[in-house]
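# An overview of the molecular structure
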Amino acid sequence: MFCFVLLRAKASKRLDDVSLDINKTRRRRAQLLKAVKEELLSSSSSSSSSSSSSSSSRDDDDSDDDDKEVTVKTLFGVPMTPETSAIALVYFVQGVIGLASLAKSFFLKDELHLSPAEAAVVMSISSLPWLVKPLWGFISDTVPLFGYKRKSYLCLMGVVGCVAWSTLSQGVSVVDNRWTASFLFAVGSLSIAFSDVLIDSIVVERARESEDNSTTGSLQSLCWGMVAFGGIASSYFSGELVEEKGSAFVFACTAVFPLLIAGAAFLVKEERKDFSTSSEMVANVVVSGGEREEEKNGSVVEAGKETLSTLWSVVKQKQIWGPALFMYLWQATPSPGSAMFYFSTNELHFSPEFLGRVSFARSLAALGGVGLYNAYFKYVPLKKMFTYSAILATALGSTQLLLVSGYNRELGISDELFALTDSAVLTVLGEISFLPVLVLAAKICPKGVEATLFASLMSLFNFGGVTSQFLGAGLTEKLGVTADNFDNLFELVAICNFTTLLPLAAIGFLNEVEQEEEEEEGDDGGGDGEEGQKMIQA
């Protein structure tokens, strides 16, 4: 019995031990499961946080990439889009094309053996395309080429300019007389003048599309800045290339630059349009009584008549033609430029390289003149500005008489130093005198015909420059100044210098422009309703 009880107690103890082991195992399993769950949760949260952080980092990278994509380089405050790059490129070509200026003068003198008067006539003829700039604008606006009003003409002018300069690079074997040279020089000028009108129209369009008033100023800064940069770059090398390689090599180099205009055409934003099916562009054929008549009253003719009618109604007013006449006279006084070039090379023996340095100094001086005008003279009334400019130009221009007479050497100043300094000073004054002309032209343009009239006024101003060259050529011929005879050069320079004062006789035409300036100042800026100024009604 005792053994049975002892066995039962041992069995009961074993059962208790097994039960205890089972409970411990369950608790351990529960703890293990809990630990596993916590581990899974922590890993999932960490993975989600890492994924979120990685996604956020990717988003940040994407946003950074977007910022990088949105960020656009600017030049003179203008975002450099493909189209603004085209504008900058065309204006750069206008400046860098001056590489051939010195080569043209030496080509006429040394290879065609022209007299100073004949060379002046050739230079005058080559400027003719700049006199009819409104015509080029009218052609591009009314006669689209291959469905484009801008791109196709830009490309065409680039090719035309390249052909003209390439032909000139063949030298006297092809260009053996002054008339052929005049024609090719004029064609080269045509490519630049036409492209200038085309790119100006794009500048105007983009300025009008922008709501920011500073856009116009920034675009103009871009344009003139690129012209100045091109002019400085070309003038620095022009003389050295002429001296070492010759005029033909410089013409060949110049032929490359118009191709940049053709390339810029592909950067211009313009959609192609089909104008061939327009009823306004096609002549209507009317058959009546067996007779066939063509009605040529398309939009081209009508647009031309309307433009000329509007322009004439504006130009015939004294408020317009008076200041315009003054602008022409201001530019039309005779110039001894060709005679002085022959004197500098044949008498003073200035080398092409030195003349290139003089041209480089003039380019830098021109920038200085712009800075001086913008800082100190832009608020000076126009009449006072023109009066002081004419008097000062006459006084400083008289210093050329010292160079012609050789008196500068008696003062201990070499010809090279005197010519370099004198050219720089006169260029600064010339730039200060030129900018008020642009201001005057802008002020007298009434609303509605601003672009057409401004282009016409600039053509008139350019015509004054051609008149100046023709008058200078006539005086040079009359006084007997040739490539070897400079006996009367002193009288020629003196006459041309003192005629600078003659336009002041017509300065009374600027009275009404002065009155407008006073009214604008008195209106404190004015409002859009009254426009704060006197408007000339057509």
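Reference entry: report on the structure contained in this document. (Residues numbered from 1 in each chain as written. Predicted model: local features only at pLDDT ≥ 70, side-chain atom pairs only at ≥ 80, totals over all residues. Heavy atoms only, no water.)

Attention now goes to the overall build of the protein. When helices and strands are counted, the protein shows 21 helices and 4 strands. Residue burial in the protein is summarised as follows: out of 538 residues, 39% are buried. In the protein, the proportion of contacts linking residues at least 24 apart, taken out of those at least 6 apart, comes to 80%. A total accessible area of about 29300 Å² is found for the protein, and carbon and sulfur atoms account for 59% of it. (Helix = DSSP H or I, 4+ residues; strand = E, 2+ residues; numbered from the N terminus. Buried < 20%, exposed > 50% of the residue type's maximum accessible area, 1.4 Å probe, protein only. Contact = heavy atoms within 4.5 Å. Areas by Shrake-Rupley, 256 points an atom, 1.4 Å probe, with all protein chains shown as cover.)

Between its terminal C-alpha atoms helix 6 (residues 151-168) stretches 26 Å, which fits the 26 Å expected from 18 residues at 1.5 Å a residue. Those residues of helix 6 not exposed but buried are K151, S152, Y153, L154, M157, G158, G161, C162, A164, W165 and L168. (Expected span 1.5 Å × (residues − 1).)

Secondary-structure assignment places V203 in helix 7 (residues 178-209). Put simply, V203 and C223 are 20 residues apart on the chain and 9.2 Å apart in space, counted from C-alpha to C-alpha.

Tallying each qualifying case throughout the model produces 18 aromatic pairs. Geometrically, the ring pair formed by W136 and F194 is stacked, given 5.4 Å between the ring centres and 20 degrees between the ring planes. Here the residue W136 occupies a position in helix 5 (residues 133-142), and F194 occupies one in helix 7, the gap between them amounting to 58 residues. By the burial criterion, W136 is buried, and F194 matches it. (Phe/Tyr/Trp six-rings, centres within 6.5 Å; stacked < 30°, edge-to-face > 60°.)

For the coordinates displayed, the defined rule picks out 6 salt bridges. We note a salt bridge from D196 to K133, for which the minimum N-O separation is 2.8 Å. Pair noted here: D196 is in helix 7 and K133 is in helix 5, with a separation of 63 residues, a long-range link. Its salt-bridge partner being E353, residue R357 comes within 3.6 Å of it at the nearest N-O pair. Taken as a pair, R357 and E353 lie in helix 14 (residues 352-377) at a separation of 4 residues, close to a single helical turn. Classification of R357 as partly exposed rests on a relative accessible area of 24%. One continuous salt-bridge network, built from bridges that share partners, spans E240, E353 and R357. (Salt bridge = Lys/Arg side-chain N within 4 Å of Asp/Glu carboxyl O.)

Phi angles above zero are rare outside glycine, and H113 is one such case at about 55 degrees. Summarising the element assignment, H113 is placed in the loop between helix 3 (101-111) and helix 4 (116-126). Look at F146: it is not a glycine, yet its phi comes out positive at around 55 degrees.

Let us look at the nonpolar core. As a rule of thumb, nonpolar side chains are buried together in soluble globular proteins. Membership of the largest hydrophobic core comes to 74 residues, with the highest contact counts inside it found for F107, L108, W165, F185, F251 and L489. Top contributing element to this core by residue count: helix 7, with 11 residues. If near-sequence neighbours (up to four positions away) are discounted, L108 is found in contact with H113, L114, A119, V122, M123, A181, F185 and Y342. One finds I320, L440, F461 and A506 within the second-largest nonpolar core, a separate group that totals 26 residues. (Core = buried A, V, L, I, M, F, W, Y, C linked by side-chain atoms within 4.5 Å.)

Its location among the elements puts T333 in the loop between helix 12 (318-332) and helix 13 (337-347). Discounting chain neighbours no more than four positions away, the residues touching T333 are S468, T499, T500 and P503.

On to a nonpolar patch on the surface. Together, W321, L325 and L329 make up an exposed nonpolar region whose accessible area comes to about 220 Å². Its location among the elements puts W321 in helix 12. (Patch = residues over 30% accessible without salt bridge, like charges linked within 9 Å, V, L, I, M, F, W, Y side chains within 5 Å.)

Here the focus is the environment of P258. With respect to the helices, strands and loops of the structure, P258 is situated in helix 10 (residues 257-264). The class of P258 is buried, set by a relative accessible area of 0%. C-alpha separation for the pair P258 and Q94, spaced 164 residues apart in sequence, amounts to 9.2 Å. Residues within four places of P258 in sequence aside, it is in contact with I97, G158, G161, C162 and W165.

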